[in-house]
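Next come the chains, spelled out residue by residue.
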Amino acid sequence: MKTKWTRRLFFAAAALTALALAVPGPALAAKAHKFAIILPGPIEDADYNFRGYEVAQDIKKRFKIETSYSERISPADAERVAREYISSGFTIIGFHGGQYVRLVQKLAPKFPDTIFIMESSGKFKVPKNVWNIHRHYFQAFYPFGVLAGLATKTNKVSVIAGIPLPDFKASINTISDALKATNPKAELTYSFTGNQNDPVKARQTADAMIAGGVDFIINMVNLGVYGVVEAAKKSKRKVLVTTFYTDKTDKAPQHFAGTLIIDFRPPYRKALEGILKGSPGGYVPMRPGVGFEIESLGNVSAEAMKRTKEAYQKVRSGEIKPRLEMKKVMLAK
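Predicted model, so just to flag it, every value in this text is computed and none were measured.

### Quick notes on the nonpolar core
No. 1: Grouped together as the largest cluster of nonpolar side chains are 55 residues, with contacts concentrated most on Phe35 and Ile117.
No. 2: Among all residues touching Phe35, those that are not within four sequence positions of it are Val55, Ala56, Ile59, Ile65, Glu66, Thr67, Ser68, Phe90, Ile92, Gly94, Ile117 and Tyr268.
No. 3: Counting 21 residues, the second largest nonpolar core, distinct from the first, contains Ile73, Ala78, Val81 and Met118.

In structure tokens form, the structure reads like this:
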């Protein structure tokens, strides 16, 4: 014979079981998703596209989600690839690069049951099923202005970039501010080669800069950095170079002064955590401490290393608030 307490326990257990079925936990939610990321170039670059590939591998391992990636996908072809993923049951599509922002804004309303993750240069209104990873490059490059100001012997510093992207323009401006605040005698010049991955153009640009007296080059090209390094190696005067995305110090240990590590895994993790908690869209600021780190400082004085690290920490904490000007290069006076 069932007692009153037996019946109460039975109904309580039934209620808890129904609740568990109605509200899936993180493990169940993860199994319901499939993630794909679209990359503009080859993952063998050991640079920008490799970082996107890392995202897919990290999500697969960390969240136990089925993942895939497509490389060498131009913006013109990205819509076809994204639609193929969606028709194959992929529920989360990441786009590695600001060149895909307009496409995401176009596709998201058409596929409300799919979640899109994009990387952009700003915070703005997006469809409800979009996660915006906002890259604060201008903050992350500020410490390199400090490093250059303390390391240069000729008081001539340059920046080499490929495409004149707003992120690069803003970063040149903050480098200029940091350089002027650290070493008022130093002069900053810059050049856009027109191609992020052309070592020949980068080499020619670096040669011209070095001939003009530059002894510290802040690099904003990807595979083009190898041309910059070759120019530094051939120089009769000591020339230091920085790099970004991945550490390339081993390619020229006597010439690299530091690396801005850019790791997209931390911001994508934040997006995935939000998605698995039920948020189809959101905003993740990618800044120093969340995807941007200064590492491998070398070939400079201990004082230069110390003050560069201090500048990084002050930017990270908000004590230093770098100027944001993305439309054009406006060097500090």
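Structure's up, so let's keep going.
### Examining the side chain of Asn183
No. 1: With respect to the helices, strands and loops of the structure, Asn183 is situated in the loop between helix H8 (166-182) and strand E7 (187-192).
No. 2: The buried category is assigned to Asn183, whose relative accessible area is 13%.
No. 3: One polar contact links the side chain of Asn183 to the main-chain carbonyl oxygen of Gly149, over a distance of 3.1 Å.
No. 4: Setting aside chain neighbours within four positions, we find Asn183 in contact with Gly149, Thr152 and Asn155.

### With respect to the pattern of salt bridges
No. 1: In the structure shown here, the tally under the stated rule is 18 salt bridges.
No. 2: Two residues, Arg72 and Glu44, come together in a salt bridge whose shortest N-O distance is 3.9 Å. Within this pair, whereas Arg72 is found in the loop between strand E2 (66-70) and helix H4 (75-87), its partner Glu44 is found in the loop between strand E1 (34-38) and helix H3 (48-63), the two being separated by 28 residues in sequence.
No. 3: Linking Arg135 and Asp167 is a salt bridge whose minimum nitrogen-to-oxygen distance equals 3.1 Å.

### Describing the pairing of strand E10 (residues 256-262)
No. 1: Within E10, seven of the seven residues are buried, which leaves it mostly tucked inside the rest of the structure.
No. 2: In the sheet, strand E9 (residues 240-245) pairs with E10 via five bridges, with the strands oriented parallel. For Phe244, the partnering residue across the bridge sits in E10 and is Leu260.

### Focus: the confidence of the model for the protein
No. 1: Per-residue confidence for the protein gives a mean pLDDT of 92; residues scoring 70 or more make up 91%.
No. 2: pLDDT under 50 marks residues 1-25. Its contacts with residues more than four places away, or in other chains, come to two contacts.

### So, the packing of aromatic side chains
No. 1: Under the counting rule described, the total for this entry stands at 14 aromatic pairs.
No. 2: Look at Phe141 and Phe144: their rings are 6.2 Å apart centre to centre, the planes differ by 65°, and that puts the pair in the edge-to-face class. In this pair, the class of Phe141 matches that of Phe144, namely buried.
No. 3: Connected via pairs of aromatic rings, a cluster forms that spans Tyr48, Phe141, Phe144, Phe168, Phe244, Tyr245 and Phe264.
No. 4: A cation over an aromatic ring shows up here: Lys34 above the ring of Phe90, its NZ or CZ 4.5 Å from the ring centre.
No. 5: Taking the ring centre of Tyr283 as reference, the NZ or CZ of Lys123 above it sits at 4.6 Å.

### What to know about the sheet that holds strand E4 (residues 115-120)
No. 1: The parallel open sheet is built from six strands, whose spatial order is E2-E1-E3-E4-E5-E11. The open sheet is flanked by E2 and strand E11 (282-286), the only strands paired with a single partner. For this sheet, the mean inter-axis angle between neighbouring strands, taken without regard to orientation, is 15°.
No. 2: As paired strands, strand E5 (residues 130-135) and E11 are joined by five bridges and run parallel to one another. In the strand pairing of E11, His134 is matched with Pro285.
No. 3: Along the sheet, H3 contacts E1, E2, E4 and E5; its crossing angle with E1, the most-contacted strand, is approximately 175°.
No. 4: The strands touched by H4 within the sheet are E1, E2, strand E3 (92-95) and E4, with E1 carrying the most contacts at an inclination of about 170°.

Procedures and definitions
Residues numbered from 1 in each chain as written. Predicted model: local features only at pLDDT ≥ 70, side-chain atom pairs only at ≥ 80, totals over all residues. Heavy atoms only, no water. Core = buried A, V, L, I, M, F, W, Y, C linked by side-chain atoms within 4.5 Å. Buried < 20%, exposed > 50% of the residue type's maximum accessible area, 1.4 Å probe, protein only. Contact = heavy atoms within 4.5 Å. Helix = DSSP H or I, 4+ residues; strand = E, 2+ residues; numbered from the N terminus. Polar contact = N/O pair within 3.5 Å; in protein donor to acceptor, adjacent residues only side chain to side chain. Salt bridge = Lys/Arg side-chain N within 4 Å of Asp/Glu carboxyl O. Pairing = 2+ DSSP bridges. pLDDT = per-residue confidence, 0-100. Phe/Tyr/Trp six-rings, centres within 6.5 Å; stacked < 30°, edge-to-face > 60°. Lys NZ or Arg CZ within 6 Å of the ring centre and 35° of its normal. Axes fitted to C-alpha atoms, helices over the stretch in contact; angles between N-to-C directions.

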